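# An overview of the molecular structure
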Amino acid sequence: MRDLSAAIRTIPDFPAPGIQFRDITTLLLDGAAFGACIEQLAAVVGEDFNLVAGIEARGFVFAAALAHSLGKGVLLLRKRNKLPGATLGVNYALEYGQDRIEMHADAVAPGTRVLLVDDLIATGGTAKAGAALIRQAGGVVVRAAFVIDLPDLGGADALRADGVEVVALVA
Ligand code: 5GP
């Protein structure tokens, strides 16, 4: 199996001094690596869901490609004030301040089974907000999939404690 970590670069001191940013744009630029990434995700996420939810913005890229490869639909979880229809939203804490994630209120029928996807899980705050939002809309979060997990930051464990199964390709 191809090791995807070689296609992901680390940029020091972005977006703030001391942060080692894992940059997946190099993975996306490499067609073979991106294809292998989607195949590897498809192999571990199962098929027991109807929709793949992507978190804006990098999560959209992986969610859309994965959903297409599995024949599933895509649910967009967006930053505040981007969606045109009536929305539901969840606020979540950032290191400094707050953010909000939203989805269309009518996007999922009650009981719809959803796979949550993002490029990376760090503290888990973003993914937990995404899971809470899907549940608020009546959906069932079947599991969450990430290209990269930063296990030292505890996000995957926090998400599991929240009742969500977690899979990731690269640590
Ligand atoms: P968390 O909420 O788990 O602390 O942070 C994860 C969110 O922030 C994800 O939406 C992810 O895209 C973004 N993020 C945080 N750190 C990084 C990083 O080093 N690389 C990338 N690509 N995204 C990051």
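Located above this text is the structure these notes cover.
Below is a summary of the structure that appears in this document. (Residues numbered from 1 in each chain as written. Predicted model: local features only at pLDDT ≥ 70, side-chain atom pairs only at ≥ 80, totals over all residues. Heavy atoms only, no water.)

### As for the sheet that holds strand 8 (residues 140–149)
- Reading across the sheet, the seven strands line up as 5-6-4-3-7-8-9 and stay open at both edges, with mixed pairing between neighbours. Among the strands making up the open sheet, the edge pair consists of strand 5 (87–93) and strand 9 (165–170). Mean inter-strand twist for the sheet, computed between neighbouring axes without regard to direction, equals 25°.
- In this structure, strand 3 (residues 51–55) lies alongside strand 7 (residues 113–121), joined through four bridges in parallel fashion. Each residue of the ladder has a partner; that of alanine 53, found in strand 7, is leucine 116.
- Lying on the sheet, helix 3 (residues 58–70) is in contact with strand 3, strand 4 (73–79), strand 7 and strand 8; it crosses strand 7 at an angle near 135°. (Pairing = 2+ DSSP bridges. Helix = DSSP H or I, 4+ residues; strand = E, 2+ residues; numbered from the N terminus. Axes fitted to C-alpha atoms, helices over the stretch in contact; angles between N-to-C directions. Contact = heavy atoms within 4.5 Å.)

### Remarks on the site of the ligand
- Around the ligand lies a shell of 13 residues, among which Arg22, Asp118, Asp119, Thr123 and Thr126 are the nearest.
- Between the ligand and the protein, one listed contact pairs a nitrogen atom with a backbone N or O atom of arginine 22 at 2.7 Å.
- Arginine 58 places a side-chain nitrogen or oxygen 3.0 Å from an oxygen atom of the ligand.
- For the shell around the ligand, the secondary-structure elements that each account for two or more residues are strand 2 (20–23), strand 7 and helix 4 (125–136).
- When residues in the shell around the ligand are grouped by element, the largest group, four residues, is from strand 7.
- Split by residue class, the shell around the ligand holds four nonpolar, five polar and four charged. (Near = heavy atom within 4 Å. Polar contact = N/O pair within 3.5 Å; in protein donor to acceptor, adjacent residues only side chain to side chain. Nonpolar A, V, L, I, M, F, W, Y, C, P; charged D, E, K, R; others polar.)

### Considering helix 4
- Taking 1.5 Å as the rise per residue, helix 4 with twelve residues should run 16 Å; its terminal C-alpha atoms sit 16 Å apart, in good agreement.
- Every buried residue of helix 4 is listed here: Ala127, Ala129, Gly130, Ala131, Leu133 and Ile134.
- Where helix 4 terminates, the next one or two residues include glycine 138, which has phi positive at roughly 100°. (Expected span 1.5 Å × (residues − 1). Buried < 20%, exposed > 50% of the residue type's maximum accessible area, 1.4 Å probe, protein only.)

### Side note on unusual backbone geometry
- Each neighbour pair has its own omega, and for phenylalanine 14 with proline 15 the value is 0°, a cis peptide bond.
- Its location among the elements puts proline 15 in the loop between strand 1 (9–12) and strand 2.
- You will see that aspartate 13, though not glycine, has its phi angle at about 60°, which is positive.
- Of note, aspartate 13 is situated in the loop between strand 1 and strand 2.

### Notes on the environment of glutamate 165
- Examined against the element boundaries, glutamate 165 turns out to sit in strand 9.
- Within the structure, glutamate 165 has its side chain in polar contact with the side chain of arginine 143 (distance 3.1 Å).

Read these as layout, nothing more, since geometry by itself doesn't imply function.
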